[in-house]
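# Architecture at a glance
Each chain, written out:
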Amino acid sequence: MLAGMAAPAGPVSRPHHLAVIRLLILSSHPLPTIAVTAFAAGLCALSGLAVGTAALVVAAVFAGQLTIGWSNDAIDAERDEVNSRTDKPVAGGAISRTVVGVSAFIAGLLTLVLSVLLGWPAGIPPMVIVISGLVYNLGAKASIWSWLPYAVAFGLLPAAATVALPAHPWPSWWAGAAGALLGVAAHFANVLPDLIADERTGVHGLPHRLGSVTSAIAGPALLLLATWVILFGSADQADLWRIFVAGVFALIAVFGAIVGIRSPGRRELFIAMVGLAGAVIVLFAVSGASLIG
């Protein structure tokens, strides 16, 4: 080959479709997506929904969570790149912002279709849940009202199950209150590891304004309050087993707060709280009270 001549350009390599699927899964925030969907499935089972209707509700919630997760990564791509978020494929350049954004749009359309199939008024809670997540992604996360979309979305999860019943009943007050408290607790636990990085890019939500110590205490405390609302709000009297379980959760909350205060930059507290959210479903099941108000 003559000097100065460039070798013929070979074909540009593109990610294999299985690799793209894997990256999309990682960009969907899989842990909270699966946790919220499982929470919705458990509530549908407890409400006694018919299998077909329950499947539609769960599918709508799942599509909504995909919409929220993918839109979050697409919207925050530049901010995540500044903060070197290697755990996010878009920020790391492994997948394009456009692909994730289009996926969020498609998932949003699917949420709308599934909600329409549920009919009126059963399709309203899944749509409000996804709208709340989008409001958070589009700017509420940087305001003092950052907790509100979480409270609305999680507070409506019991309604997504009960309003889909034939008579469209609204859930019991304690079910909605516990869901809202659980959502705000998740917000504090999710944001805690990213407080410093978020502040560098102009995000000043409620946890950022309160600081790492207060946020580390607030997350477990709100989760504890959610469990107490279920245990005692759903009962006419405080049975011994309820008092015992309340005490156990109190110890867990204290331990969680200590972990959060000592290591605010680690995600163990958030992962643990996602696991504890599963215990909340069990509390719903064993409370002995109907989800319907």
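Scoring rules and cut-offs
Residues numbered from 1 in each chain as written. Predicted model: local features only at pLDDT ≥ 70, side-chain atom pairs only at ≥ 80, totals over all residues. Heavy atoms only, no water. Salt bridge = Lys/Arg side-chain N within 4 Å of Asp/Glu carboxyl O. Helix = DSSP H or I, 4+ residues; strand = E, 2+ residues; numbered from the N terminus. Buried < 20%, exposed > 50% of the residue type's maximum accessible area, 1.4 Å probe, protein only. Core = buried A, V, L, I, M, F, W, Y, C linked by side-chain atoms within 4.5 Å. Contact = heavy atoms within 4.5 Å. Phe/Tyr/Trp six-rings, centres within 6.5 Å; stacked < 30°, edge-to-face > 60°.

## Side note on the pattern of salt bridges
In the structure shown here, the tally under the stated rule is eight salt bridges. Notably, a salt bridge pairs Lys-141 with Asp-76, separated by 2.5 Å at the nearest N-O pair. Of this pair, Lys-141 sits in the loop between helix H6 (124-137) and helix H7 (148-162) while Asp-76 is found in the loop between helix H3 (51-75) and helix H4 (77-82), placing the two residues 65 residues apart along the sequence. For Asp-76, a relative accessible area of 3% translates into the label buried. Linking Asp-239 and Arg-242 is a salt bridge whose minimum nitrogen-to-oxygen distance equals 3.4 Å. Accessibility expressed as a relative area gives 25% for Asp-239, which makes it partly exposed. Within this structure, Asp-73, Asp-80 and Lys-88 form a network of salt bridges that share partners.

## Let's talk about the nonpolar core
The biggest cluster of nonpolar side chains holds 62 residues, and the ones touching the most others in it are Phe-39, Leu-43, Val-57, Leu-157 and Phe-284. Excluding residues that lie within four positions of it along the chain, Leu-43 makes contacts with Leu-157, Pro-158, Ala-161, Ile-281, Phe-284 and Leu-291. Core analysis: the next-biggest nonpolar cluster, separate from the first, contains eleven residues, Leu-24, Leu-66, Ala-77 and Ile-95 among them.

## Digging into the packing of aromatic side chains
Under the criterion given, the structure shown has three aromatic pairs. Between Tyr-136 and Tyr-150, the aromatic rings sit 5.2 Å apart at their centres with planes inclined by 90°, giving edge-to-face as the arrangement. Remark: Tyr-150 occurs in helix H7 and Tyr-136 occurs in helix H6; sequence separation between them is 14 residues. Tyr-150 carries the same exposure label as Tyr-136, and that label is buried. With a centroid separation of 6.3 Å and an interplanar angle of 10°, the aromatic rings of Tyr-150 and Phe-154 are classed as stacked. Residue Tyr-150 and its partner Phe-154 are both found in helix H7; the two are separated by four residues, about one turn of the helix. When sorted by exposure, Tyr-150 lands in the same class as Phe-154, which is buried.

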